[in-house]
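Listed below, chain by chain, are the residues.
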Amino acid sequence: MLKKFLIKFKLKRGLQVPLPKGKNNAKVLFLVNADEFDAADIHTSFQTTFENKYTVEKLCFSQQKKKFKENADAFFGTKDFSFNGNISTEKLKDVIHQDYEYVFQFFNKEHLYLNYLSAKTKANLRVGFEDVNPKLTDLLFKLNKTDLDLFFEEAKKYLEIIKKSA
């Protein structure tokens with residue numbers, strides 16, 4: 001309980017300053033609630049739409065220990081945060097210290113751990129569905145969450161427009 005309180009406090013305090021910026025380096029991060037979405041489907045749909053132009057990393061949060069055994073490097077849980085709310089594992093520390101061009105968010109706005117990681121990650125743009133925290137997301141889409149192909153087609157269209165205007 002104290003851990004959650006401290007993470008909420010750090011997240012709230014972190015949102016009072018601008019989110020860290022990344023680089024145009026063709027690296028993309030997926031932050032996924034694996035209890036809601038299938039990371040493999042997300043990855044396949046993304047690579048199909050963006051034609052393998054980006055290097056993809058994914059971090060998947062899950063409460064189910066069975067999923068950790070499938071791909072331990074991509075999954076994390078509440079135990080990856082210390083008692084005082086700090087990130088305690090190297091894999092998460094490595095992710096938040098890298099620069100990304102885009103972070104795609106596949107979770108709801110009330111997901112404390114994924115919100116915290118999103119706020120800490122350096123990215124040029126953060127993309128997500130409409131129910132993601134708007135303070136953490138630059139580009140929101142009001143689409144069916146099961147239609148990942150449409151989500152990435154729309155994202156590609158708008159990201160190309162944004163790149164051209166920058």
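One can find the structure itself at the top, above this paragraph.
Since the structure is predicted, the reported quantities are computational estimates derived from the model, not experimental observations.

(A) Region of the structure containing the packing of aromatic side chains. Enumeration according to the criterion identifies 29 aromatic pairs in this entry. Plain terms: the ring middles of Phe106 and Phe151 are 5.4 Å apart, the flat faces sit at 65° to each other, and that makes the pair edge-to-face. Taken together, the residues span a long stretch of sequence, with Phe106 in strand 4 (residues 99–106) and Phe151 in helix 6 (residues 148–165) at a distance of 45 residues. On the accessibility criterion, Phe106 (0% relative accessible area) is buried.

(B) Examining the side chain of Asp80 more closely. Relative to the elements of secondary structure, Asp80 occurs in the loop between strand 3 (75–76) and helix 4 (90–96). Of the side chains with opposite charge, Lys91 comes closest to the buried, unpaired Asp80, at an N-O distance of 4.5 Å. The residues touching Asp80, leaving out its near neighbours within four places in the chain, are Asn86, Ile87, Ser88, Thr89, Lys91 and Leu92.

(C) Region of the structure containing helix 2 (residues 39–50). Helix length check: helix 2, at 12 residues, gives a terminal C-alpha distance of 16 Å against a target of 16 Å (1.5 Å per residue), a fit within 8%. Turning to helix 2, its buried residues number three or more, namely Ala39, Ile42, Ser45, Phe46, Gln47, Thr49 and Phe50. Looking at the buried side of helix 2, the elements it contacts are strand 1 (27–33), strand 2 (55–61), strand 4 and helix 6. N-cap assignment for helix 2: the residue whose side-chain oxygen lies 3.1 Å from the backbone N of Ala40 is Asp38. Just past helix 2, the residue Glu51 takes up positive phi, approximately 55°.

(D) Region of the structure containing the environment of Asn84. Along the polypeptide, Asn84 turns up in the loop between strand 3 and helix 4. Look past the residues within four positions of Asn84 in its chain and what remains in contact with it is Leu6 and Lys10. One polar contact links Asn84 to Ser82, side chain to side chain, over a distance of 2.4 Å. Polar side-chain contacts of Asn84 include one of 3.2 Å to the side chain of Asn86.

(E) Molecular detail of the packing of helix 1 (residues 2–14) against helix 5 (residues 112–120). Here helix 1 crosses helix 5 at 35°, and the two axes come no closer than 10 Å. In this structure, helix 1 meets helix 5 at a crossing whose hand is left-handed. Counted together, Lys3, Lys4, Ile7, Lys8, Lys10 and Leu11 of helix 1 and Leu112, Tyr113, Asn115, Tyr116 and Ala119 of helix 5 form the full contact between these two elements. Counted by class, the contact of helix 1 with helix 5 contains 6 nonpolar, 1 polar and 4 charged residues.

(F) Looking closely at the sheet that holds strand 2. Strand order across the open sheet formed by 6 strands is 3-2-1-4-5-6, with parallel pairing between neighbours. Each edge of the sheet is formed by a strand with only one pairing partner; in this case those strands are strand 3 and strand 6 (139–141). Pairing geometry for strand 5 (residues 122–129) and strand 6, over 3 bridges, is parallel. Pairing of Phe129 across the sheet is with Phe141, part of strand 6. Each of strand 1, strand 4, strand 5 and strand 6 is contacted by helix 6, which is oriented at about 145° to strand 4, the strand it contacts most.

Calculation rules
Residues numbered from 1 in each chain as written. Predicted model: local features only at pLDDT ≥ 70, side-chain atom pairs only at ≥ 80, totals over all residues. Heavy atoms only, no water. Phe/Tyr/Trp six-rings, centres within 6.5 Å; stacked < 30°, edge-to-face > 60°. Helix = DSSP H or I, 4+ residues; strand = E, 2+ residues; numbered from the N terminus. Buried < 20%, exposed > 50% of the residue type's maximum accessible area, 1.4 Å probe, protein only. Lys, Arg positive; Asp, Glu negative; His and termini not counted. Salt bridge = Lys/Arg side-chain N within 4 Å of Asp/Glu carboxyl O. Contact = heavy atoms within 4.5 Å. Expected span 1.5 Å × (residues − 1). Polar contact = N/O pair within 3.5 Å; in protein donor to acceptor, adjacent residues only side chain to side chain. Axes fitted to C-alpha atoms, helices over the stretch in contact; angles between N-to-C directions. Left-handed = near helix turned anticlockwise from the far one by under 90°. Nonpolar A, V, L, I, M, F, W, Y, C, P; charged D, E, K, R; others polar. Pairing = 2+ DSSP bridges.

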